[in-house]
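Reading the structure
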Amino acid sequence: MTDMNRAIVWLTVVVAAVVVAIVAWWWVDKEEPPPLGPIAFETAVPDPTSAELVPEAHCSPSVPGWTASGENEMSQAELVAWYSDRFGPVNDQVTEFINEALNSPGPGYRGPRTLVLDDLQVIYGTLDNGSTWFAVRTYESVSHLCPPRDTDVWDPEQVTAWSYEGVCGQVIRFYGVEFGTRGYGTNASDRNQATLAEPPEGWEVLPYPNGRSVSWSLEDPSRIYANPGDGNWYEYNRDNLCYLD
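Keep in mind that what you see is a predicted model, and the values were worked out from it rather than measured.

A few words on the packing of aromatic side chains. The description of an aromatic ring pair rests on the distance of the ring centres and on the angle between the ring planes. Under the counting rule described, the total for this entry stands at 13 aromatic pairs. For the pair W82 and Y83, a centre-to-centre distance of 4.8 Å together with 75° between the ring planes defines the contact as edge-to-face. With a centroid separation of 5.5 Å and 85° between ring planes, the pair formed by Y175 and W216 is classed as edge-to-face. Taken as a pair, Y175 in the loop between β8 (169-174) and β9 (177-180) and W216 in strand β12 (residues 213-216) lie far apart in primary sequence, 41 residues in all. Each member of the pair, Y175 together with W216, is buried. Each residue in the set F97, F174, Y175, F179 and W216 is aromatic and connected to the rest through ring pairs, giving one cluster.

What follows is the structure, given as structure tokens:
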């Protein structure tokens, strides 16, 4: 065997080993998406439509379901009626809370409308061409969102809230809406300091395992009060999220 042939054989072996290693790493390291759950894509998407399933491998596999998005020539009202007739009744309280919180005055997010039903959630808005863009989520939780892997889920049965450490302190996602402890500060201690505060009188209190609670109201959906289990209440605000400046 000539030196050239030896070099070619050696290069082939090296390349093959690298390919095998990459495939093996991908196979071991990849995160499987959660199971789809009982609602079929064909059942939960109006026809005709351009909707396609959206892979969300970051979701916890403990919450079955899926997300699909696309557009349809229905108007917003027709789309709402289509879903309400098939998957109603509408969870009016959660629907109003999410819509008011996401579209409340202040520097927070302005976006499409949300419809929460017993079996799924629909997010929708009008496109420039007049058709309706929508996304449908069927995750088996109250707001039909999937908690990401490695987040602290407050209630594994209902999945109405979970928390994690954000850029500027702790963030709680409650009914699909994110609330933070503080926004920008002059130093890290300022940013991560939660504000002690009692919930206003008359606000609803939702208890969770391990002594946790969330107090909330449709009167002011831009903030919640949370007891993380230490016996104290802290104020969390929509405006106190760094990326909502």
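After presenting the structure, the write-up continues.
Turning next to the pairing of strand β2 (residues 67-72). Strand direction decides the pairing type here: strand β1 (residues 52-54) and β2, joined by 3 bridges, are antiparallel. Bridging across to β2, E52 finds its partner in S69. Pairing between β2 and strand β5 (residues 132-137): 6 bridges, direction antiparallel. Opposite E71, over in β5, you have W133 as the bridge partner.

So, on to the pairing of strand β4 (residues 121-126). Burial of β4 is extensive: 5 of the 6 residues sit out of reach of the surface. One ladder, built from 4 bridges, connects strand β3 (residues 113-116) with β4; its direction is antiparallel. Within β4, the residue paired with R113 across the bridge is Y124. A loop of 4 residues connects β3 with β4, the two strands running antiparallel in sequence. In terms of strand pairing, β4 meets β5 through 6 bridges, oriented antiparallel. Bridged to T126 within β5 is T132.

Mean pLDDT over the protein chain stands at 80; residues scoring 70 or higher make up 75%. Mean pLDDT across the secondary structure elements of the protein chain bottoms out at helix α1 (residues 3-29), with 44, and peaks at β12, with 96. Note on residues 6-11: pLDDT under 50 across the span, and 2 contacts to partners over four residues away in sequence or across chains. Low pLDDT, under 50, characterises residues 13-30; the predicted model gives this stretch 0 contacts beyond four residues in sequence or across chains.

Taking 1.5 Å per residue as the helical rise, helix α3 (residues 76-87) with its 12 residues ought to reach 16 Å, and the 16 Å between its terminal C-alpha atoms agrees with that figure. Of the residues making up α3, those classed as buried are L79, W82, Y83 and F87. When α3 is viewed along its axis, its buried side chains cluster within an angular range of 90° and face the same direction. Opposite the packed face of α3, turned more than 90 degrees from it, sit the exposed residues A77 and D85. Buried-residue contacts for α3 involve α2 (41-44), β3, β4 and β5.

It is worth spelling out the environment of G125 at this point. Structurally, G125 can be placed in strand β4. For G125, a relative accessible area of 14% translates into the label buried. Through-space distance from the C-alpha of G125 to that of A135 is 9.5 Å; in sequence the pair is 10 residues apart. Non-local contacts of G125, meaning those with residues more than four positions away in its chain, are made with Q76, P112, S131, T132 and W133.

Okay, the side chain of N237 next. Residue placement: N237 occurs in strand β14 (residues 234-237). Reaching out from N237, the side chain makes a polar contact with the side chain of E235 at a distance of 3.1 Å.

Most often, soluble globular proteins have nonpolar side chains that are buried together. F97, F174, Y175, V214 and I224 are the most contacted members of the largest nonpolar core, which has 21 residues in total. Mapped by element, the contributors of at least two residues to this core are α4 (92-102), β8, β9, β12, β13 (223-227) and β14. With 5 residues, the single largest contributor to this core is α4. Residues contacting Y175, with those up to four places away along its chain left out, are V94, F97, I98, V142, S143, T160, L206 and W216. Among the nonpolar cores identified, the runner-up in size contains 18 residues, and V45, Y83, L117 and L120 belong to it.

Rules of the game
- Residues numbered from 1 in each chain as written.
- Predicted model: local features only at pLDDT ≥ 70, side-chain atom pairs only at ≥ 80, totals over all residues.
- Heavy atoms only, no water.
- Phe/Tyr/Trp six-rings, centres within 6.5 Å; stacked < 30°, edge-to-face > 60°.
- Helix = DSSP H or I, 4+ residues; strand = E, 2+ residues; numbered from the N terminus.
- Buried < 20%, exposed > 50% of the residue type's maximum accessible area, 1.4 Å probe, protein only.
- Pairing = 2+ DSSP bridges.
- pLDDT = per-residue confidence, 0-100.
- Contact = heavy atoms within 4.5 Å.
- Expected span 1.5 Å × (residues − 1).
- Arc of directions from axis to C-beta.
- Polar contact = N/O pair within 3.5 Å; in protein donor to acceptor, adjacent residues only side chain to side chain.
- Core = buried A, V, L, I, M, F, W, Y, C linked by side-chain atoms within 4.5 Å.

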